[in-house]
Amino acid sequence: MKRTVEFVLTIIGAVLYGLLAGLGGIFKWIQSNDEAISEMEKQLESDPTLEGTGVNLDTFLDSLNTGGNTLLTVSILVIVLGIISLILLKGNKKPKVAGIILIIAGAGSVFFTFGLGLFGAIFYVVAGIMALVRKPKTLIE
């Protein structure tokens with residue numbers, strides 16, 4: 001039985017998680033870039049709407065660093081789990097195990113990325129359900 005649909009959905013999900021990992025990398029880059037930090041400080045000082053709000057740049061940068069680490073780590077882990085699932089799906093070796101891995105990875109990523117991994121998770125979960133449900137056609141003789 002060909003598992004082309006599961007392959008395609010898993011690859012699309014992995015690409016979306018790759019974009020999410022890129023976003024995490026951008027967050028980390030902004031936090032470590034002195035030029036970007038000084039530009040943010042200038043924007044905070046010149047914006048009159050932010051004057052009484054208590055916005056603290058250091059707190060924001062710490063949150064950016066933590067969020068970047070989380071996005072990067074979770075995304076890379078989920079991409080690796082997707083590759084493992086593709087290996088298990090190839091040749092129809094263990095589609096049930098691959099389906100379970102995809103469902104758990106998709107659901108877990110939404111939880112750990114606070115919803116940012118939703119679109120990749122949709123592709124992973126659909127591919128996982130298809131891997132669990134689809135059965136090879138049996139010929140009646």
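Look up: the structure comes first, before these words.
Residues numbered from 1 in each chain as written. Predicted model: local features only at pLDDT ≥ 70, side-chain atom pairs only at ≥ 80, totals over all residues. Heavy atoms only, no water.

> When you look at the overall build of the protein chain in this model, what are you seeing that I'm missing?
A tally of helices and strands in the protein chain yields five helices and zero strands. Its C-alpha radius of gyration of 21 Å places the protein chain more than 25% over the 14 Å reference for a compact globule of 141 residues. Considering only C-alpha atoms, the protein chain reaches an extent of 80 × 25 × 15 Å along its principal axes. Within the protein chain, the fraction of its 141 residues that count as buried is 29%. Residue pairs at least 24 apart in sequence account for 72% of intrachain contacts in the protein chain once pairs closer than 6 positions are excluded. (Helix = DSSP H or I, 4+ residues; strand = E, 2+ residues; numbered from the N terminus. Rg over C-alpha atoms; globule rule 2.2 N^0.38 Å. Buried < 20%, exposed > 50% of the residue type's maximum accessible area, 1.4 Å probe, protein only. Contact = heavy atoms within 4.5 Å.)

> What am I meant to see in the environment of phenylalanine 114 here?
Structurally, phenylalanine 114 is set in the loop between helix 4 (95-112) and helix 5 (118-133). Residue class for phenylalanine 114 comes out exposed when judged on its relative accessible area of 74%. For the pair formed by phenylalanine 114 and threonine 70, sequence separation is 44 residues and the distance between their alpha carbons is 9.9 Å.

> How do you make sense of helix 2 (residues 34-46) when you look at a structure like this?
Each α-helix winds once per 3.6 residues, and so residues spaced three or four apart point in a common direction. With 13 residues, helix 2 should reach 18 Å at 1.5 Å per residue; the first-to-last C-alpha distance of 18 Å fits that figure. For helix 2, the N-terminal capping position is held by asparagine 33, with its side-chain oxygen 3.1 Å away from the main-chain nitrogen of glutamate 35. (Expected span 1.5 Å × (residues − 1). Polar contact = N/O pair within 3.5 Å; in protein donor to acceptor, adjacent residues only side chain to side chain.)

> What exactly am I supposed to notice about the packing of helix 3 (residues 57-89) against helix 4 here?
Relative placement of two packed helices is described by the angle separating their axes and the distance separating the axes. For the pair helix 3 and helix 4, interaxial distance at closest approach is 8 Å and the crossing angle is 165°. One finds that helix 3 runs roughly antiparallel with respect to helix 4. Taken as a pair, helix 3 and helix 4 cross one another with a handedness that is left-handed. Of the residues in helix 4, those touching helix 3 at Thr70, Val74, Val78, Leu81, Gly82, Ile84, Ser85, Leu88 and Leu89 are Pro95, Val97, Ala98, Ile101, Leu102, Ala105, Ser109 and Phe112. Partitioning the contact of helix 3 with helix 4 into residue classes produces 13 nonpolar, four polar and no charged. (Axes fitted to C-alpha atoms, helices over the stretch in contact; angles between N-to-C directions. Parallel < 35°, antiparallel > 145°, perpendicular 65-115°, else oblique. Left-handed = near helix turned anticlockwise from the far one by under 90°. Nonpolar A, V, L, I, M, F, W, Y, C, P; charged D, E, K, R; others polar.)

> Can you help me understand unusual backbone geometry in this one?
Most peptide bonds are trans, and most residues other than glycine sit at a negative phi. Positive phi values are uncommon outside glycine, yet asparagine 92 reaches one of about 60°. Take asparagine 92: its relative accessible area is 22%, and that puts it in the partly exposed class.

> Would you mind showing me how to read the pattern of salt bridges here?
When their charged atoms lie close together, side chains carrying opposite charge are able to pair. What the rule picks out here adds up to two salt bridges. We note a salt bridge from arginine 3 to glutamate 6, for which the minimum N-O separation is 3.0 Å. Note on arginine 3: relative accessible area 5%, which makes it buried. By relative accessible area, which is 0% here, glutamate 6 ends up buried. Of the charged contacts, one joins glutamate 6 and arginine 134 as a salt bridge, the two residues approaching to 2.9 Å between their closest N and O atoms. Within this pair, whereas glutamate 6 is found in helix 1 (residues 4-32), its partner arginine 134 is found in the segment after helix 5, the two being separated by 128 residues in sequence. In this structure arginine 134 comes out as partly exposed when scored by relative accessible area, which is 28%. What emerges from the salt-bridge pattern is a single network uniting Arg3, Glu6 and Arg134. (Salt bridge = Lys/Arg side-chain N within 4 Å of Asp/Glu carboxyl O.)

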